[in-house]
Amino acid sequence: QVHLVESGGGLVQAGGSLRLSCAASGRTFSDYSMGWFRQAPGKEREFVAAVSWSGGYSDYANSVKDRFTISRDNAKNTVYLQMNSLKPEDTAVYYCAKSRERSYISRSSVSYDYWGQGTQVTVSS
């Protein structure tokens with residue numbers, strides 16, 4: 001079992017920055033890739049970013065590439081999402097998720113088996 005808790009969301013003006021954290025319980029955190037997804041009102045959940053078990057490989061949605069950075073600290077059982085140059089269209093509930101895979105990074109939500117409760121990010125124009 002893995003329990004994921006996100007934090008760091010909030011209200012920010014366009015152009016601002018936020019750093020999301022996802023704290024994981026369980027001894028297997030460092031064995032698996034981790035991902036961030038988001039869901040805006042009235043829209044489907046979408047992939048944002050993912051990182052391999054070691055942190056050596058990462059992938060980003062085109063909409064956030066060069067603005068967001070995913071990282072992880074396995075000693076702290078935590079994965080981060082640094083979000084810069086935020087836009088109103090980034091407004092959503094952000095979820096972290098544990099992958100079923102160790103090194104393979106998937107953009108599909110079906111590849112993830114544990115999810116956090118989500119944290120709200122609101123970007124005002």
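Along each chain, residue indices are assigned from 1 in the same order as the chain's sequence is written. This being a predicted model, a pLDDT of at least 70 is required before a residue's local features are given, and a value of 80 or more before pairs of side-chain atoms are given or counted; all residues contribute to the totals for chains, interfaces and linings. Each side-chain value is derived from all of the structure's non-hydrogen atoms; neither hydrogens nor water enter the calculation.

### Details of the pattern of salt bridges
Counted as salt bridges are all cases of a side-chain nitrogen of Lys or Arg within 4 Å of a carboxyl oxygen of Asp or Glu. Taken as a whole, this structure holds six salt bridges when the rule is applied. Note that arginine 102 and aspartate 31 form a salt bridge whose closest N and O atoms lie 3.6 Å from each other. With arginine 102 in the loop between strand 9 (92-99) and strand 10 (112-115) and aspartate 31 in the loop between strand 3 (18-24) and strand 4 (34-39), the pair connects residues that are 71 residues apart, well separated along the chain. Note on aspartate 31: relative accessible area 32%, which makes it partly exposed. Between lysine 98 and aspartate 113 there is a salt bridge, with its nearest N and O atoms 3.1 Å apart. Highlighted residues: lysine 98 in strand 9 and aspartate 113 in strand 10, separated in sequence by 15 residues. Here the salt bridges share partners, and the residues they tie into one network are Arg38, Glu46, Arg67 and Asp90. Counting from the N terminus, the helices are DSSP H or I runs at least four residues long and the strands are E runs at least two residues long. Exposure categories follow from relative accessible area, calculated using a 1.4 Å probe and restricted to protein chains: below 20% of the type maximum is buried, above 50% is exposed, and the middle band is partly exposed.

### Brief notes about the packing of aromatic side chains
Note on ring pairs: Phe, Tyr and Trp rings are taken, using the six-membered ring of Trp, and paired if centres are within 6.5 Å. Classes follow the plane angle, with under 30 degrees stacked, over 60 edge-to-face and the rest tilted. In the structure shown here, the tally under the stated rule is four aromatic pairs. Centroid distance phenylalanine 37 to tyrosine 112: 5.1 Å. Interplanar angle 80°. Geometry classified as edge-to-face. Here phenylalanine 37 is found in strand 4, whereas its partner tyrosine 112 is found in strand 10, with 75 residues between them in sequence. The burial state of phenylalanine 37 is the same as that of tyrosine 112; both residues are buried. What links up through ring pairs into an aromatic cluster is the set Phe37, Phe47, Tyr112 and Trp115. Ring-over charges, as used throughout, are those where CZ of Arg or NZ of Lys falls within 6 Å of the ring centre and within 35 degrees of the ring normal. For arginine 72, the ring lying beneath its charged end belongs to phenylalanine 29, and the centroid distance is 4.5 Å.

### Structural notes on the environment of histidine 3
Tracing the sequence through the fold places histidine 3 in the segment before strand 1 (4-7). Classification of histidine 3 by relative accessible area gives exposed; the value is 52%. A sequence separation of 74 residues divides histidine 3 from asparagine 77, and the C-alpha atoms of the two residues are 11 Å apart. By definition, residues are in contact when any of their heavy atoms lie within 4.5 Å. Dropping the residues within four chain positions of it, histidine 3 is found in contact with Ala23, Ala24 and Ser25.

From the geometry alone we can't say anything about function, so treat these as descriptive.
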